[in-house]
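Structural overview for review
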Amino acid sequence: MSDYSVPIYQIQEIMTEIKERAVKHIRHQSPGRILNFSKETNGLIINAENACARVQVFGPTIIRVQISQDGQFDNLSYTVVAAPAQEGFEIQEEKQHIVLSTKALDVHISRELLGFSFMNKQGEVINKDEEGFGISTIGNDHTVYKTIQKGERFIGLGEKTGDLDRKGSGYTNWNTDHFAYGPDSDPIYGSYPFYIGLHNQLAYGILVDNSYKSHFNFGASNHRFSSFTVEGGDMDYYFIHEESVAKILESYTTLTGRMEMPPLWSLGYQQCRYSYYPEEEVYSVARTFREKNIPADAIVLDIHYMDAYKIFSWDKQRFPDPKKMMQDLQEQGFQVVVMCDPGIKIEEDYEPYEDGLKEDVFLKYPDGTYYRGEVWPGWCHFPDFTNPKTRKWWREKLQHYVDLGVQGFWNDMNEIATWGQRLPDLMEFDFEGEGGSTKRGRNIYGLMMCRSTYEGTKKLLRGKRPFNLTRSGFCGVQRYSAVWTGDNVANDEHMLLGVRLVNSLGLTGIAFTGYDVGGFAGETSVSLFARWISIGAFSPFFRGHTMVNSRDSEPWTFGEEVEDISRNYINLRYQLLPYLYSLFHEASENGMPISRSLAIDHSFDDNVYDPGYQNQYLFGPAFLVAPVESYKDLVKVYLPQGHWFDFHTDREFSGAQEITVDCPLTHLPVFVKLGSVVPMQSVVQSTSETPEPVLHLHVYGKGDSELEYFEDDGSSFQYQQGEYYKRTLKFEAKASKLVMETVQGSMDSKFTTVKLYLHGFEELKAVKVNNLELKVAREEVVFLPAISSFDPIENPQEESGVQVQTVEFDHSAAEIQVHLAH
């Protein structure tokens with residue numbers, strides 16, 4: 001027994017200090033007063049009483065704010081790929097503030113209580129911290145509170161259910177396998193902590209670059225503030241201010257990166273189910289598409305192609321010769337997309353398992369043992385994709401698929417999904433040697449799996465573009481993968497929810513997105529599938545899918561009428577490929593989504609946020625799509641500012657008004673913006689088939705417009721070396737002139753002739769192409785042929801054809817000017 005004793009007063013002092021620390025840990029703590037600051041080449045370092053802050057300038061309109069409790073700032077980011085600027089800002093010291101100024105912004109940093117106000121050069125407040133408690137720490141949770149401005153709306157946040165306007169709602173970012181999620185479920189598969197605020201004709205964006213669980217509150221349960229909270233790591237966010245939402249998205253994707261061009265075939269129709277097997281069924285599906293003249297480019301294999309659900313394996317009874325099957329299908333114009341789940345089954349003599357142990361690539365517990373989780377194959381280990389050697393190992397395993405001829409890869413179950421849905425928080429991730437736990441690693445697991453798959457297959461395919469698809473992701477995933485919205489449900493509510501999810505993902509820089517047409521869970525009805533296939537034709541990613549033990553959901557399985565409707569809309573999709581491919585090129589250049597929420601171009605029009613109209617979107621700059629339930633044959637549509645043509649009839653409408661239109665299953669409400677130039681081609685059965693050498697160019701009335709038309713080989717990365725064909729298509733209303741500007745790139749166009757279709761023009765006296773007068777013809781254009789299975793008496797159809805003036809001319813001139821004389 002020790003005779004050492006501690007005086008009672010010292011015990012009391014120790015206990016008081018412990019209590020103070022405990023209270024400090026569970027109560028709000030602000031960063032406190034600024035003590036001092038120092039200027040760096042790209043910003044400021046600020047020391048406050050209870051925290052340190054780093055402010056960095058990434059450009060005149062982009063400011064990074066990072067707050068650390070210990071002054072050791074986190075530098076590893078899997079989201080941001082841009083570097084801070086090295087100049088272009090000034091510092092001014094005022095009594096109450098430090099002011100950091102760029103050409104576009106003034107950032108007022110309060111001295112008394114560290115906080116930030118972002119103002120434009122007119123002195124207008126764009127965004128500001130709450131004055132009394134703008135920055136708060138409680139335990140490991142760090143929160144920024146922002147004052148809600150008058151009339152402020154919030155959009156974005158990626159794959160979140162609910163309304164377009166997030167005002168009054170709260171959300172959690174924690175990637176979760178959520179089968180058959182509901183219309184208000186949260187969280188689901190992906191986490192995208194980027195949102196856009198709108199008020200008083202001002203727009204800004206905030207990206208929170210922190211992969212710990214986070215929470216966003218847009219005035220839920222309070223009238224005063226919006227906020228964002230992270231449950232660990234630094235509070236690290238980027239503030240973006242631009243003149244428009246489109247420019248914000250351009251700046252956001254400057255930070256987080258943009259997609260490379262996908263393979264052309266991935267823009268076609270893809271047919272999936274859970275699952276196609278044996279190989280005879282795969283052949284049958286492919287053969288039926290061709291026999292029925294329904295275009296398609298891919299057949300997707302779910303987990304039943306594997307031997308006992310083990311990735312990198314094949315069930316030899318169901319698929320005795322997968323390489324021959326790939327070759328046969330490719331000869332028919334089909335690519336095969338294979339399911340890739342991350343779980344590696346714990347099984348002796350299973351090569352990926354044995355080699356994974358040898359290379360030490362799996363996630364571990366702190367005691368050095370490998371984590372085990374149960375999923376489709378049984379008990380599994382999971383690769384740690386934050387480890388460079390794991391990414392290399394994954395690439396080596398993917399060689400198995402590439403050797404068979406696979407060019408499409410479907411990353412699933414990567415939230416990480418396991419039975420029980422409770423990943424241990426203490427699993428250890430490598431994080432490029434820095435180390436970290438599940439709390440930091442869960443939300444980026446899908447992103448890093450996508451990176452591993454894309455970078456691996458891109459290298460293995462030796463110049464060919466892989467198609468990569470994922471269910472889970474994080475900000476920046478657009479660099480590596482398309483995203484689909486997971487296990488949706490076969491009902492009208494989910495059909496419209498899918499549209500909003502795709503539009504919202506577009507607001508977080510992810511252009512290549514889509515949903516399972518027809519619904520994955522449940523039984524889709526005849527009318528629901530007909531409506532869904534028409535909407536899906538105007539989606540960036542176009543795939544039909546359904547789950548195991550459900551009815552077949554190929555386009556011909558719902559009767560002749562739906563088969564004809566499906567054929568019409570899939571044909572239209574393939575006719576629009578020149579337009580659609582050009583939009584994908586635009587996305588690769590500036591981050592603009594393909595499916596565009598009306599909030600992008602009409603940010604301050606209250607009607608676009610109305611629950612009755614919030615599902616409407618622009619498909620590129622030309623088309624306004626108004627999704628509608630399958631049971632409706634009459635619907636109200638809101639046409640925003642401008643002038644619009646009914647796509648089916650060429651009937652003209654003024655904008656800024658509500659209209660009521662017919663919407664039989666044969667005709668989805670679609671409108672075309674005045675002045676739009678829409679390039680189209682002949683119908684093909686797959687993108688491997690060469691279209692007719694005529695570029696069908698549709699011009700809708702005399703309005704100013706511009707489209708950058710783009711072609712390349714559709715399969716390689718040689719476009720990055722200048723091997724492409726690009727020219728700007730511009731209609732100048734005042735001069736009544738179409739200009740096809742000088743060709744850029746070293747390729748020739750696949751089209752030798754242009755056929756011009758003039759919608760909504762008065763009778764023309766003459767058309768001159770480069771001063772050569774050409775003959776004007778008149779003909780009927782039919783985008784959606786009549787449904788042959790309809791009884792014309794019982795089911796009269798709206799006439800689909802429109803009368804237009806046409807003219808044909810050679811496409812080879814370096815620059816083409818088409819003058820229209822009235």
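So, how was this worked out
Residues numbered from 1 in each chain as written. Predicted model: local features only at pLDDT ≥ 70, side-chain atom pairs only at ≥ 80, totals over all residues. Heavy atoms only, no water. Helix = DSSP H or I, 4+ residues; strand = E, 2+ residues; numbered from the N terminus. Rg over C-alpha atoms; globule rule 2.2 N^0.38 Å. Buried < 20%, exposed > 50% of the residue type's maximum accessible area, 1.4 Å probe, protein only. Contact = heavy atoms within 4.5 Å. Areas by Shrake-Rupley, 256 points an atom, 1.4 Å probe, with all protein chains shown as cover. Lys, Arg positive; Asp, Glu negative; His and termini not counted. Charge placed at Lys NZ, Arg CZ, Asp CG, Glu CD. Pairing = 2+ DSSP bridges. Polar contact = N/O pair within 3.5 Å; in protein donor to acceptor, adjacent residues only side chain to side chain. pLDDT = per-residue confidence, 0-100. Phe/Tyr/Trp six-rings, centres within 6.5 Å; stacked < 30°, edge-to-face > 60°. Lys NZ or Arg CZ within 6 Å of the ring centre and 35° of its normal. 1 Å grid on protein atoms, 1.4 Å probe; cavity = no way out; pocket = protein on both sides within 12 Å on 5 of 7 lines; lining within 4 Å. Points joined across faces, edges and corners; volume = space filled by probe spheres on them. Nonpolar A, V, L, I, M, F, W, Y, C, P; charged D, E, K, R; others polar.

1. Side note on the overall build of the protein chain
When its secondary structure is counted, the protein chain shows twelve helices and 50 strands. Taken against the 2.2 N^0.38 rule, which gives 28 Å for 822 residues, the C-alpha radius of gyration of the protein chain at 28 Å falls within 12% of a compact globule. Taking all 822 residues of the protein chain together, 63% fall into the buried category. Taking the intrachain contacts of the protein chain between residues at least 6 apart in sequence as the baseline, contacts between residues at least 24 apart amount to 69%. Accessible area of the protein chain: about 30900 Å², with a carbon and sulfur share of 46%. Here the protein chain holds 76 positive side-chain charges and 115 negative ones, and the gap between their average locations is 3 Å.

2. Some words on the pairing of strand β45 (residues 753-759)
Judged by how many residues are buried, β45 sits mostly within the fold: six of seven residues are covered. Relative to β45, strand β41 (residues 694-700) runs parallel, the two sharing seven bridges. The residue bridging Leu 695 from the neighbouring strand is Val 754, located in β45. Here β45 runs beside strand β49 (residues 802-810); their pairing, made up of six bridges, is antiparallel. Across the sheet, Tyr 757 pairs through a bridge with Thr 806, a residue of β49.

3. What about the side chain of Asp 236?
The residue Asp 236 is located in strand β18 (residues 235-242) in this model. At a separation of 2.8 Å, a polar atom in the side chain of Asp 236 contacts the side chain of Arg 64. In contact with Asp 236, not counting residues within four places along its chain, are Arg 64, Val 65, Gln 66, Leu 207, Val 208 and Asp 209.

4. Comments concerning the confidence of the model for the protein chain
Mean pLDDT over the protein chain stands at 95; residues scoring 70 or higher make up 95%. Across residues 790-797 the pLDDT falls below 50, and counting only partners more than four positions away or on other chains, this stretch makes eight contacts in the model.

5. Re the packing of aromatic side chains
Any aromatic ring pair is given by two values, namely how distant the centres are and how the planes are angled relative to each other. Scanning all chains against the criterion turns up 61 aromatic pairs. Over the aromatic face of Phe 717 sits the side chain of Lys 458, whose NZ or CZ is 4.6 Å from the ring centroid. In this arrangement the basic side chain of Arg 543 is found over the ring face of Trp 410, its NZ or CZ atom lying 4.5 Å from the centre.

6. Details of empty space enclosed by the protein
For the structure shown, the criterion picks out four cavities of 30 Å³ or more. Put simply, the largest cavity is a space of about 220 Å³. Lining the largest cavity we find 19 residues, and of these Leu 76, Asp 209, Asn 210, Ser 211 and Arg 440 sit closest to its centre. Of all the secondary-structure elements, those providing two or more residues to the lining of the largest cavity are β4 (62-68) and α7 (438-460). By residue class, the composition of the lining of the largest cavity is six nonpolar, seven polar and six charged. Its volume calculated, the second largest cavity comes out at about 150 Å³. Taken together, 18 residues make up the lining of the second largest cavity; nearest its centre are Glu 260, Pro 262, Tyr 454, Tyr 480 and Ser 481. Here the lining of the second largest cavity is built from residues that sort into twelve nonpolar, three polar and three charged.

7. What to know about helix α5 (residues 351-359)
Residues Pro 352, Tyr 353, Asp 355 and Gly 356 constitute the buried set of α5. Looking one or two residues beyond α5, the residue adopting positive phi is Asp 360, at roughly 60°.

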